[in-house]
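One-letter residues, chain by chain:
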Amino acid sequence: MAIQSTAILEAPPPSANRLRDTLLYFRRNHALIAGCALLLLIVLFVVVGSIVTDPDDARPLAFRPSQPPSAEHWLGTDRLGKDILAVMTEGTPQTIRIGVTAGTIGVLIGTILAFFSGYYGGIFDTITRSAVDILRTVPALLVLIIIAISVPGDMSVLEMSLIVAALAWLGPTRVLRAQVLVIRQQPYVEMARFSGLSGPEIIIREMIPNLMPFIVAVYITSISGAVLASLGLEAIGLGPFEANTLGMTIYWNIWYASLINGWWWWWSPPIAVIVLLFVGLFLISQGLDEWANPRLRKRV
Amino acid sequence: MTLDYLLKRIFQFILIAFLAATINFFFPRMSGQDPIQQKLMLLQSQGVNVSSEEVAGLIETYNAKFGLDQPLWRQYINYLGNMARFDFGVSISNYPTTVATMLKRAIPWTVGLLLTATLISFAIGTIVGALMAWGKAPFWVRTIFPAFFTFSAVPFYLMGIILLYIFAFQWPIFPLFGGYSTQRIPEVSWGFAMDVLRHTILPAFSIVLAQIGFWALGMRSMMVTVQGEDYILQAEAKGLKDSRIFYRYAMRNAILPQITGLALSLGTTISGAILVEIVFSYPGVGSVLLQAVRGFDWFVIQGVVFLVILSVAFTMLVIDLIYPLLDPRIHYRTE
Amino acid sequence: MGQSTPEKARLMAHSLSQSKSNRFQSSNAEPLLEIRDLHVHYETADGAVKAVSGVNLALYEGERLALVGESGCGKTTLALAIMRLLKPPARIVQGEILLAGRDLLKLNEEEMRLARLQDVALVTQSAMNALNPVMRIEDQIIDGLEDHGYEETKTTFRKRIQSLLEHVGLKANVARMFPHELSGGMKQRVGMATATALNPKLIVADEPTSALDVVVQRQVMTTLGRLQKETGASVILVGHDMGLIAQFADKVGVMYAGKLVELSPIERIVEKPLHPYADLLLQSVPTLDGKRDRLVSIPGMPPRLIDLPTGCYFAPRCPSAMSHCTNVTPTLQPHDGRYVACHLYHDINTGEPSTTATAEVKA
């Protein structure tokens with residue numbers, strides 16, 4: 001009896017060993033490795049692109065428009081006279097930046113809301129929960145459209161990130177709040193409370209480190225969601241027109257009907273990169289899910 | 001089901017409608033933009049000659065509708081009233097066509113496309129997932145569906161572009177764009193229906209392709225959970241036929257979370273469908289939206305946004321209200 | 001050795017029936033259920049977990065046998081093996097299960113399906129989840145009837161179900177209810193009504209009272225007893241509450257680590273258990289009158305079924321272990337009108353029982 005109860009109350013193991021164990025574990029997590037490999041492929045593509053192209057090649061009327069791939073323009077040129085490889089080299093990081101910015105904002109707000117409402121409960125929790133439950137049922141793209149058309153003048157990439165971030169906190173709040181509710185009951189959190197730690201101290205020192213796998217998993221999902229939302233807005237024509245983001249490239253493809261005109265070299269690169277990006281993020285989040293939910297873990 | 005729950009759900013629905021109308025009203029005003037002015041500037045920049053009576057008519061309708069000379073709160077109340085009556089104003093680009101008329105024309109296309117695609121992917125995905133868990137699915141199905149699941153991470157409209165290229169451009173089996181052939185006039189006839197069907201297959205298929213894996217894997221994992229339940233063991237102990245256990249005991253229970261999932265995924269699905277319509281130039285709400293965004297047609301955009309949010313909320317309300325018929329345990333009693 | 005097993009089972013049952021009172025009318029008839037040298041393994045990555053290893057058992061018509069033992073001793077596995085409801089990784093490796101002379105393990109799937117409910121029915125462990133939550137009670141019973149070839153009108157079915165429910169002490173309106181509207185005890189009664197729907201010869205009740213409160217437990221057992229008397233079916237009751245078991249059973253089989261270590265009429269085992277494990281087990285549960293004054297826990301843990309020790313599996317925990325207990329495996333042999341697998345009662349050198357000399361079989 002006595003032995004059992006100490007075993008439960010024991011705090012999680014110290015972090016040095018844990019880090020090594022985590023790294024060792026990651027090496028066996030195939031989904032995670034495959035996902036990272038796909039993202040690495042994108043990085044490689046951008047690096048190669050930035051070596052062989054010049055940022056000025058991605059400006060309109062830089063070259064003869066609508067030329068198929070050649071030795072000079074590896075991916076050809078688009079209807080606007082831009083070198084497509086240069087456009088991709090500039091646009092891919094821009095799109096990823098939108099995703100990361102919005103995802104970060106979303107996770108930050110989400111984490112704060114989740115811990116506050118989940119840990120303290122009360123009226124604040126009721127409001128947060130109802131807001132998340134109701135907003136979750138609203139198609140996000142439509143709300144973002146209204147926000148996007150309200151932005152005066154030409155939109156910048158940063159503005160795009162902020163627009164997308166407007167709803168990016170919903171998912172993280174919902175997922176993390178549920179986890180906070182679970183972990184709040186854990187013996188080591190109770191122990192910390194008995195030993196006189198304050199609420200914020202418990203959250204920062206005990207709860208956040210233990211929910212790290214969930215936070216990371218939710219972060220990846222948020223980035224993916226933010227990229228998805230930005231692509232959707234841009235495809236409709238509500239994006240940074242001056243930029244060469246992947247979504248704007250899709251927009252110009254739709255605008256100039258590149259498919260019907262047979263300019264396959266124009267629409268295929270952004271689609272390929274987007275597919276790589278989403279499948280990569282998806283595999284990573286699958287891998288992280290397995291890490292976060294030990295029940296899913298394969299035998300160690 | 002109790003009245004309490006019913007009222008709570010209806011209140012929630014009204015709240016969503018109210019919120020949708022409110023952001024529609026305040027967001028554009030917060031940025032201090034004048035849609036009419038913007039439209040005029042756009043037309044002028046395109047070198048279009050705007051006839052003076054058209055502009056006058058527009059401005060007059062606009063002022064009458066929104067009473068711009070009145071205080072903001074009056075305008076807001078007025079706006080809410082209009083929204084409640086589905087009076088979204090007049091299209092700026094297609095003056096004097098009302099937004100409601102444009103939407104009425106587009107909605108059947110979107111609903112048709114979305115309904116077909118969702119039902120097909122839900123039905124096939126759910127059955128395949130159930131068979132996979134029951135060990136009855138052939139090898140190729142078991143290999144191919146997890147791959148579909150990975151595809152569900154990719155936006156469907158990009159799948160649509162690839163499908164269009166393969167099946168409409170390279171091998172022109174299906175039309176490249178539109179909801180019906182340009183030489184045809186919409187009518188209720190067999191020929192027209194077949195033409196519409198031909199135009200709908202590819203866009204619907206791109207939605208199906210993206211969703212089917214999601215439903216299949218969701219159902220598979222639910223079936224695996226259900227298979228461990230005591231009532232399945234008891235059903236086997238009763239000497240029931242395998243088919244009866246499969247349908248009436250396992251699937252019947254495993255499908256319940258799938259239906260909840262269907263309700264929750266509705267918002268994402270409709271957003272995706274709007275973009276699919278854009279890629280396929282399908283004459284639904286998505287195309288109306290695209291045209292409106294290109295033409296700074298504010299009232300149309302607001303109308304689309306309000307209507308879509310409202311329809312999703314309404315469908316969820318309906319699903320919520322019929323759910324107790326599927327699951328007798330749910331009584332919506334308030335404790 | 002193969003030929004000797006049925007002989008052994010008959011002998012076993014014969015000697016038992018002599019010790020037992022009036023319920024054994026058919027002492028010279030064939031047993032209803034005969035289990036011969038049954039082995040069930042759970043195949044795992046680390047090797048076979050031997051959940052049931054070499055159980056022999058005979059049960060006559062109208063008999064009530066209780067199987068007891070600590071959790072993990074194989075009693076539920078044995079019960080499910082009789083129903084042939086074990087799922088991979090569990091596998092019946094060897095043995096015969098003869099029900100009215102027919103080996104259930106040799107039936108094809110369809111024959112076995114028809115045998116369930118018709119010949120042998122199961123009352124499951126957890127009353128809470130044994131019913132399909134989305135179907136009315138009557139439909140769940142009708143399903144069983146229909147899949148055994150009964151094609152009747154809804155009204156005829158309903159009449160039948162009404163009488164089934166009344167037999168287990170439920171009102172007729174329960175038929176139209178959903179499981180969540182019933183209490184645990186009511187659900188267990190529905191389970192019993194379903195099990196008796198086709199008058200099976202054998203009812204296997206796997207811990208039918210678990211998760212019920214004490215008063216309801218008694219009621220359920222009383223109902224099961226009455227049903228048994230009315231239908232004349234034999235019952236195998238898997239349980240752990242000796243109080244309830246003594247109220248219900250004619251004889252008790254004590255299982256330890258997948259083996260039957262003692263088989264004895266209820267009065268005699270309660271009075272004096274032979275096997276040291278049975279002795280400790282009976283001390284560790286509340287006595288018949290419900291007092292818990294003799295509550296003793298058995299020191300040590302049951303052996304890992306994946307690598308079983310040589311000799312007697314209980315030897316490491318046994319207070320009366322002798323030096324040869326860890327080397328020589330004891331077999332279930334007659335002793336004073338009962339059966340026990342323990343070296344205390346048999347001479348290991350000859351394999352002959354050290355006290356009463358009746359059987360000559362080895363496992």
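Keep in mind that what you see is a predicted model, and the values were worked out from it rather than measured. Along every chain, residues carry numbers that run from 1 in the direction the sequence is written. A letter from A marks each chain and a number from 1 marks each ligand, given out in the order of writing. Side-chain atom pairs in this predicted model are given and counted only at pLDDT of 80 or more, local residue features only at pLDDT of at least 70, and totals for whole chains, interfaces and linings cover all residues.

Some thoughts on the overall build of chain B
Consideration 1: Counting from the N terminus, the helices are DSSP H or I runs at least four residues long and the strands are E runs at least two residues long. Check the secondary structure of chain B and you find twelve helices and zero strands.
Consideration 2: Once C-beta atoms are placed from the backbone, each residue is buried if 20 or more other C-beta atoms lie within 10 Å of its own, exposed if 12 or fewer, and partly exposed for counts between those two. Scored against the burial criterion, the 335 residues of chain B give a buried share of 42%.
Consideration 3: A pair of residues counts as a contact when their C-beta atoms, built from backbone coordinates, are separated by no more than 7 Å. Sequence separation of 24 or more characterises 73% of the internal contacts of chain B that already satisfy a separation of 6 or more.

Details of the overall build of chain A
Consideration 1: The helix and strand inventory of chain A stands at twelve helices and zero strands.
Consideration 2: Each principal axis of the C-alpha distribution contributes one length, and for chain A these read about 80 × 45 × 30 Å.
Consideration 3: In chain A, buried positions account for 47% of the 300 residues.
Consideration 4: Within chain A, contacts between residues at least 6 apart in sequence are counted, and of these 71% link residues at least 24 apart.

Looking at the nonpolar core
As a rule of thumb, nonpolar side chains are buried together in soluble globular proteins.
Consideration 1: Ranked by size, the top nonpolar core spans 281 residues in total, and within it Leu-144 and Ile-145 of chain A, Val-304 of chain B together with Val-261 of chain C carry the most contacts.
Consideration 2: The dominant element in this core, judged by the number of residues it contributes, is helix H10 (residues 199-236) of chain A, at 19 residues.
Consideration 3: For Val-261 of chain C, the residues in contact, after removing those within four places along its chain, are Val-254, Met-255, Tyr-256, His-275, Tyr-277, Ala-278, Phe-314, Val-340, Ala-341 and Cys-342 of chain C. Residues of type Ala, Val, Leu, Ile, Met, Phe, Trp, Tyr and Cys that are buried and joined through C-beta atoms within 7 Å form what is called a nonpolar core.

Observations regarding the pairing of strand S9 (residues 251-256) of chain C
Residues and elements named next belong to chain C.
Consideration 1: The element S9 is extensively covered by neighbouring structure, given that six of its six residues are classed as buried.
Consideration 2: Residues Lys-251, Gly-253 and Met-255 line one face of S9 and the alternating positions Val-252, Val-254 and Tyr-256 line the opposite face, and both faces are buried.
Consideration 3: DSSP-based pairing: two strands are paired if at least 2 bridges between them are found. Strand direction decides the pairing type here: strand S3 (residues 64-68) and S9, joined by four bridges, are parallel. Paired with Val-68 across the two strands is Val-254, which belongs to S9.
Consideration 4: Linking S9 back to strand S10 (residues 259-265) in an antiparallel pair, the connection comprises two residues, with Ala-257 at a positive phi of about 50°.

A closer look at the interface of chain A and chain B
Consideration 1: Facing 33 residues of chain A, the contacting portion of chain B comprises 40 residues.
Consideration 2: Elements represented by at least two residues in the side of chain A that touches chain B include exactly helix H6 (140-149), H10 and helix H12 (264-292) of chain A.
Consideration 3: Across the side of chain A that touches chain B, the residue classes break down as 29 nonpolar, four polar and no charged. Residues are grouped as follows: nonpolar covers Ala, Val, Leu, Ile, Met, Phe, Trp, Tyr, Cys and Pro; charged covers Asp, Glu, Lys and Arg; every other residue, Gly included, is treated as polar.

Quick look at the sheet that holds S9 of chain C
Residue and element names in this part refer to chain C.
Consideration 1: In spatial order, the strands read S6-S7-S8-S3-S9-S10-S12-S11; together these eight strands make up an open sheet with mixed pairing. The open sheet terminates on both sides in strands that have one partner only, identified here as strand S6 (120-123) and strand S11 (333-335). Taken over all neighbouring pairs, the strand axes of this sheet differ in orientation by 25° on average, direction set aside.
Consideration 2: Sheet topology places strand S7 (residues 202-206) next to strand S8 (residues 234-238); five bridges connect them, and they run parallel. Bridge pairing in S8 places Ala-205 opposite Leu-237.
Consideration 3: Lines fitted to the C-alpha atoms define the axes, with helices restricted to the stretch that makes contact. Angles between their N-to-C directions range from 0 to 180 degrees. Those strands touched by helix H6 (residues 184-195) are S6 and S7, and its axis lies near 175° from that of S6.

Points about H12 of chain A
Consideration 1: Between the first and last C-alpha of H12 of chain A there are 41 Å, a value that for 29 residues agrees with the 42 Å anticipated at 1.5 Å per step.
Consideration 2: Buried residues dominate H12 of chain A, accounting for 22 of its 29 residues. Multiply 1.5 Å by the residue count of a helix minus one, and that product is the helix's expected span.

Observations regarding the confidence of the model for chain A
Consideration 1: Scored between 0 and 100, pLDDT is the confidence that the predictor attaches to each residue. Of the residues in chain A, 92% have a pLDDT of 70 or more, and the chain-wide mean is 86.
Consideration 2: Here residues 1-13 of chain A is modelled with pLDDT under 50, and outside its nearest four sequence neighbours on either side it reaches eight contacts, counting other chains as well.

Focus: the interface of chain C and chain B
Consideration 1: Taken together, the 25 residues of chain C in the interface contact 19 residues of chain B.
Consideration 2: Going through the elements one at a time, helix H3 (109-118), S6 and helix H4 (137-146) of chain C are the ones with two or more residues in the side of chain C that touches chain B.
Consideration 3: Considering each element in turn, the side of chain C that touches chain B owes the most residues, five residues, to H3 of chain C.
Consideration 4: Split into classes, the residues belonging to the side of chain C that touches chain B amount to twelve nonpolar, nine polar and four charged.

Here's the deal with the sheet that holds strand S1 (residues 33-44) of chain C
Residue and element names in this part refer to chain C.
Consideration 1: Across the sheet, four strands lie side by side as S2-S1-S4-S5; this open sheet has antiparallel pairing. What marks the edges here is a single partner per strand, and that holds for strand S2 (47-59) and strand S5 (102-103).
Consideration 2: Summarising the sheet, strand S4 (residues 90-99) and S5 pair through two bridges and their orientation is antiparallel. Pairing of Leu-98 across the sheet is with Asp-103, part of S5.
Consideration 3: Against the sheet, helix H2 (residues 75-83) touches S1, S2 and S4, its axis set at about 70° to S2.

Considering the packing of helix H9 (residues 187-194) of chain A against H10 of chain A
All names here are of chain A.
Consideration 1: The N-to-C vectors of H9 and H10 enclose an angle of 150°; their axes lie 10 Å apart at closest approach. Considering their axes alone, H9 and H10 lie roughly antiparallel with respect to each other. You can see that H9 and H10 cross each other, and the crossing is right-handed. Between H9, through Tyr-188, Val-189, Ala-192 and Arg-193, and H10, the contact on the second element is made entirely by Ile-202, Glu-206 and Met-207.
Consideration 2: Considering only residue class, the contact of H9 with H10 consists of five nonpolar, no polar and two charged. Each angle receives one of four descriptions, namely roughly parallel if under 35 degrees, roughly antiparallel if over 145, roughly perpendicular if within 65 to 115, and oblique otherwise. Each helix crossing is assigned a hand: it is left-handed if the near helix lies turned anticlockwise from the far helix by less than a right angle, otherwise right-handed if that turn is clockwise.

What to know about the environment of Gln-188 of chain C
Residues and elements named next belong to chain C.
Consideration 1: Here Gln-188 lies in helix H6.
Consideration 2: We classify Gln-188 as buried; it has 30 C-beta atoms within 10 Å.
Consideration 3: For the pair formed by Gln-188 and Leu-122, sequence separation is 66 residues and the distance between their alpha carbons is 11 Å.

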